[in-house]
Amino acid sequence: MDKTLFYFIVFFISLNSYCQIKDTINLAEVKVLTTNKKIKHLKTKGNHSSLAGNLIKSIISRIDDIPSGNLTSIKFFFNSSVLFFVKDDYKAEYKNVEMGLLIYDAKEDGTPGEILTDKIIRFTLHSNHNEAIELDLRPLYLNTSKSMFFGIELFNKQTGKDFKIMTYRNKENSKLLYLKHWKNEDWNLFDYPCGIKMDLGIIMTN
């Protein structure tokens, strides 16, 4: 075989393998590094609540009135009691769960639009973890829109109440949260006034 052709084939195979590897990003819980630019934190508000159940495949929630900037971090909350003095009866059932981060834009009518995460972004929720998991979003290089959806997807079906995601009841808007079930790939409005408890970090551009 001609050496030039051989090197070209090796280069092509290596490049193809590299591209496949880059299709998946594994994110661990990280601390966002300090920056000289101003970071604004946008927190969802309401009364504490939670969701759990083995029908859930994916869950996303909309945040409105997002200022112009670049996404720098997001914080989700898991496996904690709704009230600190209330015992968590499901704690013994929690398992290690592989999750993917979901970010969607919002249509004019407030429903989920196009997905903005073009790669599989994985992180692990450990069974003994409670409270917050903070993910560094800067490697995604995403600009904000006025309204966006954020959430998680599961890679495997739950065998029970494998985890609990913390939410907020929001009586002012009952159309914030959408679910996907394992038997249905369409987003379904969760017709109850609540949204995911989140803390969104934004590097301001103005």
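Look above for the structure.
Report follows, based on the coordinates. Values in this document were obtained by computation on a predicted structure and should not be read as measured data.

### A closer look at the pattern of salt bridges
Side chains that differ in sign of charge can pair as their charged atoms come close.
Reasoning step 1: Here the structure, examined in full by the defined rule, presents five salt bridges.
Reasoning step 2: With a shortest N-O distance of 3.2 Å, Lys-95 and Asp-162 are connected by a salt bridge. With a gap of 67 residues between them, Lys-95 in the loop between β5 (69-78) and β6 (97-106) and Asp-162 in the loop between β10 (148-154) and β11 (165-169) connect regions that are remote in the sequence.
Reasoning step 3: Judged by its relative accessible area of 35%, Lys-95 falls in the partly exposed class.
Reasoning step 4: On the basis of relative accessible area, Asp-162 is assigned to the buried category, the value being 7%.
Reasoning step 5: Residues Arg-138 and Asp-136 are paired through a salt bridge, measuring 2.8 Å at the closest nitrogen-oxygen approach.
Reasoning step 6: For Arg-138, a relative accessible area of 25% corresponds to the partly exposed category.
Reasoning step 7: The class for Asp-136 is buried, based on a relative accessible area of 15%.

### Side note on the environment of Leu-176
Reasoning step 1: Looking at where Leu-176 falls in the secondary structure, it is placed in the loop between β11 and β12 (177-181).
Reasoning step 2: Along the sequence, Leu-176 and Pro-193 sit 17 residues apart, while their C-alpha atoms lie 7.5 Å from each other.
Reasoning step 3: With residues up to four places along the chain from it excluded, the contact list for Leu-176 reads Ile-60, Ser-61, Arg-62, Asp-64, Phe-149, Asn-170, Cys-194 and Gly-195.

### Re the packing of aromatic side chains
Reasoning step 1: In this structure the tally under the stated criterion is five aromatic pairs.
Reasoning step 2: Both rings, one in Phe-149 and one in Tyr-178, keep their centres 5.7 Å apart while their planes meet at 80 degrees; by these two values the pair is edge-to-face. Of this pair, Phe-149 sits in strand β10 while Tyr-178 sits in strand β12, and the two are 29 residues apart along the sequence. With respect to burial, Phe-149 and Tyr-178 carry one shared label: buried.
Reasoning step 3: Consider the rings of Phe-190 and Tyr-192, whose centres lie 6.3 Å apart with planes at 65 degrees: the pair is edge-to-face.
Reasoning step 4: On the accessibility criterion, Phe-190 (23% relative accessible area) is partly exposed.
Reasoning step 5: Looking at Tyr-192, the relative accessible area reads 40%, which means it is partly exposed.
Reasoning step 6: In textbook terms, an aromatic cluster arises when at least three aromatic residues are bridged by ring pairs, as seen for Phe-76, Phe-78 and Phe-163.
Reasoning step 7: Of note, Arg-122 hangs over the ring of Phe-155, and the distance from its end group to the ring centre comes to 3.9 Å.
Reasoning step 8: Its end group placed over the ring of Phe-77, Lys-197 keeps NZ or CZ at 4.3 Å from the ring centre.

Cut-offs used in this document
- Residues numbered from 1 in each chain as written.
- Predicted model: local features only at pLDDT ≥ 70, side-chain atom pairs only at ≥ 80, totals over all residues.
- Heavy atoms only, no water.
- Salt bridge = Lys/Arg side-chain N within 4 Å of Asp/Glu carboxyl O.
- Helix = DSSP H or I, 4+ residues; strand = E, 2+ residues; numbered from the N terminus.
- Buried < 20%, exposed > 50% of the residue type's maximum accessible area, 1.4 Å probe, protein only.
- Contact = heavy atoms within 4.5 Å.
- Phe/Tyr/Trp six-rings, centres within 6.5 Å; stacked < 30°, edge-to-face > 60°.
- Lys NZ or Arg CZ within 6 Å of the ring centre and 35° of its normal.

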